[in-house]
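Structure assessment
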Amino acid sequence: MRAHLVTCFVIVMGAVAACGSNGDKFGQKDATSDAPQFGFDAMFGGDGSKSDSGPPVDKCHVPPDGTGDNAPTCTAPPQPPNSFDPKLKWSWTDPGSTGFFQGSMTTPLVANFTDDNGDGEVNLCDVPDVIVATGGGPIGATGSMYMLAGDTGKLEYTFDLPGGIDTSVNAAIGDIDGDGVAEILANDTAGHLVAFDNHGKVKWTGKDIGAYKSVTASYCHAIAIYDLDGDGNPEIIVAFEVFDNKGNRKWGYDESAFEGQYWCPANTAADLDGDGKLEVIFGNAAYHSDGTKYWSIPGPPGQPQVANLDSNPDPEIFVSRQDGILILSHDGKILSGPVQLYDKTTSPNCWSKPGVVHDFDGDGHPDISDSSCNHVSVYHVGSSYNLTTNWTPMAVDDTSGLASSTAFDFLGRGIADGVYGDQDNLWVYDGVTGAVEMSQTRSSGTLIEYPIVADVDNDGSADIVVVSNTGGDVPANYKHTVDVYEDSQKRWIPTRRIWNQHAYHVSNVREDGTIPAHPKPSWLNLNTFRTNAQIQAGQNCAPPPPNPH
């Protein structure tokens with residue numbers, strides 16, 4: 001059982017602070033106010049303007065851009081080893097079959113969109129919201145998108161778009177116009193970019209049709225948002241093209257020659273050459289922010305993830321591709337691979353699945369995780385970039401698609417657990433041994449969707465959000481479209497209240513949905529990819545490794 005929490009924490013970039021040994025409860029009301037309280041107020045019983053460890057903190061807003069995103073060592077002690085006891089917090093079910101499948105086949109997203117405490121603005125003192133798209137699966141699927149309250153799952157808004165949303169495309173969230181509230185970006189069924197406001201209403205529809213509409217392999221892509229040139233106006237990556245923040249095409253990279261050799265691109269961006277601007281990484285090529293080529297390698301595109309996998313400060317790119325896993329240098333040299341250590345076959349379904357970077361064994365060195373159609377595993381990256389599995393790959397069932405995964409250090413012990421959803425189950429497994437810690441029935445035909453971990457209800461404890469649909473092996477296993485799990489005693493560590501896109505890696509977005517003009521390099525801070533951060537004292541933090549090499 002759990003001892004009383006005796007640590008203090010503040011949610012990243014000026015959000016929530018708490019001291020838990022005095023028995024205060026989340027969500028209490030201040031004696032002088034009738035409004036429900038969240039974050040600081042709920043736990044301090046005051047206005048949260050001070051912390052014991054430093055200057056006053058604005059609990060509702062992130063600090064100025066460029067601050068608060070670094071990752072010092074977490075000082076909070078880890079939770080006891082028996083502090084993993086998941087329970088269902090809430091569920092929500094698609095109200096109707098508006099597409100090919102009932103349910104969702106894209107990654108859920110989390111951010112603040114509603115003014116829950118009535119202070120006149122949407123900010124970090126409100127309860128986050130969950131965005132879910134339903135009816136996806138086949139090419140050009142016409143479906144719906146919904147906004148759900150993070151604490152209850154109550155339907156808040158149904159997105160309004162004549163002709164429907166292409167819900168086989170993974171949407172993205174970010175404040176692209178500087179109005180202080182994040183927009184939701186999706187594609188319509190014709191292939192235009194569409195921006196929605198925080199009430200689900202269309203703000204604009206782009207004039208240009210994405211080239212992904214003419215390449216079958218790209219139909220289920222994942223939108224990503226970055227300020228590539230650092231001018232304060234974010235760009236939008238749509239498969240292998242870049243658009244401005246009004247939906248106008250800027251440039252693109254033609255991958256049509258590789259039709260059938262990849263699926264569902266989830267591309268990303270990072271400053272690979274150190275010039276202060278971001279390169280767009282397509283798996284087999286990287287392009288500068290102006291659309292000029294930086295480098296390319298032979299073969300089809302794969303799914304790129306950025307991390308520091310060696311002792312120098314330059315980033316590497318871990319690519320999962322139809323012929324296996326590759327490690328590339330920042331300037332495009334192939335350092336190792338492609339390699340397949342099990343289930344050897346050339347298949348974009350079975351090997352071109354988006355992966356994860358985290359420290360799974362507590363040695364202070366990042367590991368990578370990826371899956372095939374039949375197994376999921378964690379790999380150690382050696383000094384010569386050679387890969388070895390940390391444990392016997394765990395059997396899974398994902399012959400239908402390209403199921404992705406995440407990881408999270410639920411207990412703050414410096415060791416990540418894997419979180420994965422295949423056609424039949426949600427899995428949580430111990431990063432050190434691969435032992436199953438949680439198995440919960442779900443159903444999915446699996447494109448590239450995956451479970452996420454975020455604090456969806458602003459209670460200072462992480463939650464797992466997973467979607468389901470009727471496309472799985474056993475459609476009868478479909479019970480709900482969205483399930484949210486929490487620890488029965490809320491012992492899972494505090495984490496950010498945002499997950500804004502498929503290629504999420506913390507430093508790509510600030511907690512209020514702001515897209516940083518000059519993001520701090522993720523590989524020099526947390527050094528993770530497609531995972532969320534522990535938070536403490538107003539910023540992200542990284543637990544010290546328990547078994548450093």
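Worth saying up front: this structure is predicted, and the values here are computed from it rather than measured.

Let us now look at the overall build of the protein chain. Scanning the protein chain from N- to C-terminus turns up two helices and 38 strands. Taking all 549 residues of the protein chain together, 62% fall into the buried category. Accessible surface computed for the protein chain: about 17,900 Å², of which carbon and sulfur atoms make up 51%.

Right, let's get into the packing of aromatic side chains. All chains considered together, the criterion is met by 20 aromatic pairs. Ring geometry for Y253 versus F282: centroids 5.2 Å apart, planes at 25 degrees, classification stacked. With Y253 in the loop between β16 (249-252) and β17 (268-270) and F282 in the loop between β18 (279-281) and β19 (285-287), this pair connects stretches of sequence that are 29 residues apart. Since its relative accessible area comes to 16%, Y253 is described here as buried. Through successive ring pairs, a cluster of aromatic residues spans F240, W251, Y253, Y262, F282 and Y287.

A few words now on the sheet that holds strand β22 (residues 316-321). Sheet architecture is open: four strands sit in the order β21-β22-β23-β24, paired in antiparallel fashion. Lying at the two open borders of the sheet, with one neighbouring strand each, are β21 (303-307) and β24 (334-339). Within the sheet, the average angular offset between the axes of one strand and its neighbour, ignoring direction, is 15 degrees. Bridge count for strand β23 (residues 324-329) against β24 is three bridges, and the pairing is antiparallel. The residue bridging I327 from the neighbouring strand is S336, located in β24.

Attention shifts here to empty space enclosed by the protein. Tallied over the full model, the rule gives four cavities of 30 Å³ or more. In terms of lining, the second largest cavity is formed by T106, T107, L109, I131, V132, A133, M145 and A171. It is strand β5 (residues 129-134) that contributes the most residues to the lining of the second largest cavity, three residues altogether. The class makeup of the residues in the lining of the second largest cavity is six nonpolar, two polar and no charged.

Of all residues in the protein chain, 87% attain a pLDDT of 70 or more, and the chain-wide mean is 88. Confidence over residues 1-53 falls short of pLDDT 50; this stretch has 138 contacts with residues more than four positions distant or in other chains.

A separate point is the state of the cysteines. The final tally for this structure, using the stated rule, is four disulfides. Each sulfur in the disulfide pair C220 and C264 lies 1.8 Å from the other. In this structure, the disulfide formed by C220 and C264 twists by about -80 degrees around the S-S bond and is classed as left-handed. Residue C220 is located in the loop between β12 (202-209) and β13 (224-226), and its partner C264 is located in the loop between β16 and β17; the two are separated by 44 residues in the primary sequence. In terms of burial, C220 and C264 fall into one category: buried. The disulfide partner of C350 is C373, and the gap between their sulfur atoms is 2.0 Å. In this structure the cystine formed by C350 and C373 twists about its S-S bond by roughly -100 degrees; its chirality is therefore left-handed. Note that C350 is positioned in helix α2 (residues 348-351) and C373 in the loop between β26 (367-371) and β27 (375-381), a separation of 23 residues in sequence. Here C350 and C373 have matching classes, each one buried.

In this structure the tally under the stated criterion is 20 salt bridges. Among the ionic pairs, K203 bridges to D177, the shortest N-O distance being 2.7 Å. On the criterion of sequence distance, the pair formed by K203 in strand β12 and D177 in the loop between β9 (172-174) and β10 (183-187) is long-range, its members being 26 residues apart. Ionic pairing is found between R491 and D487, a salt bridge with its closest N-O pair at 2.8 Å. Judged by relative accessible area, which is 0%, D487 ranks as buried.

Side chains that are nonpolar tend, in soluble globular proteins, to be buried together. Counting residues in hydrophobic clusters, the biggest one holds 100 residues, and the most contacted among them are I131, M145, I184, I368 and V482. Formed by 15 residues, the second largest nonpolar core is a distinct cluster that contains L411, M438, V466 and I493.

Paired through their backbone hydrogen bonds, the strands of a sheet run either parallel or antiparallel. Sheet architecture is open: four strands sit in the order β17-β18-β19-β20, paired in antiparallel fashion. Of all strands in the sheet, those bounded by a partner on one side alone are β17 and β20 (293-296). Adjacent strand axes in the sheet meet at a mean angle of 20 degrees when their direction is disregarded. In this sheet, β18 lies alongside β17 in antiparallel orientation, the contact comprising three bridges. Residue A269 lies in a different strand from β18, and its bridge partner there is V280.

With that settled, consider the side chain of Q423. Along the polypeptide, Q423 turns up in the loop between β31 (417-421) and β32 (425-429). A relative accessible area of 2% means that Q423 is categorised as buried. At a separation of 3.0 Å, a polar atom in the side chain of Q423 contacts the main-chain amide nitrogen of T399. Engagement of the side chain of Q423 in a polar contact is seen with the side chain of D473, the distance being 2.6 Å.

What counts as what
Residues numbered from 1 in each chain as written. Predicted model: local features only at pLDDT ≥ 70, side-chain atom pairs only at ≥ 80, totals over all residues. Heavy atoms only, no water. Helix = DSSP H or I, 4+ residues; strand = E, 2+ residues; numbered from the N terminus. Buried < 20%, exposed > 50% of the residue type's maximum accessible area, 1.4 Å probe, protein only. Areas by Shrake-Rupley, 256 points an atom, 1.4 Å probe, with all protein chains shown as cover. Phe/Tyr/Trp six-rings, centres within 6.5 Å; stacked < 30°, edge-to-face > 60°. Pairing = 2+ DSSP bridges. Axes fitted to C-alpha atoms, helices over the stretch in contact; angles between N-to-C directions. 1 Å grid on protein atoms, 1.4 Å probe; cavity = no way out; pocket = protein on both sides within 12 Å on 5 of 7 lines; lining within 4 Å. Points joined across faces, edges and corners; volume = space filled by probe spheres on them. Nonpolar A, V, L, I, M, F, W, Y, C, P; charged D, E, K, R; others polar. pLDDT = per-residue confidence, 0-100. Contact = heavy atoms within 4.5 Å. Disulfide = S-S within 2.5 Å. Salt bridge = Lys/Arg side-chain N within 4 Å of Asp/Glu carboxyl O. Core = buried A, V, L, I, M, F, W, Y, C linked by side-chain atoms within 4.5 Å. Polar contact = N/O pair within 3.5 Å; in protein donor to acceptor, adjacent residues only side chain to side chain.

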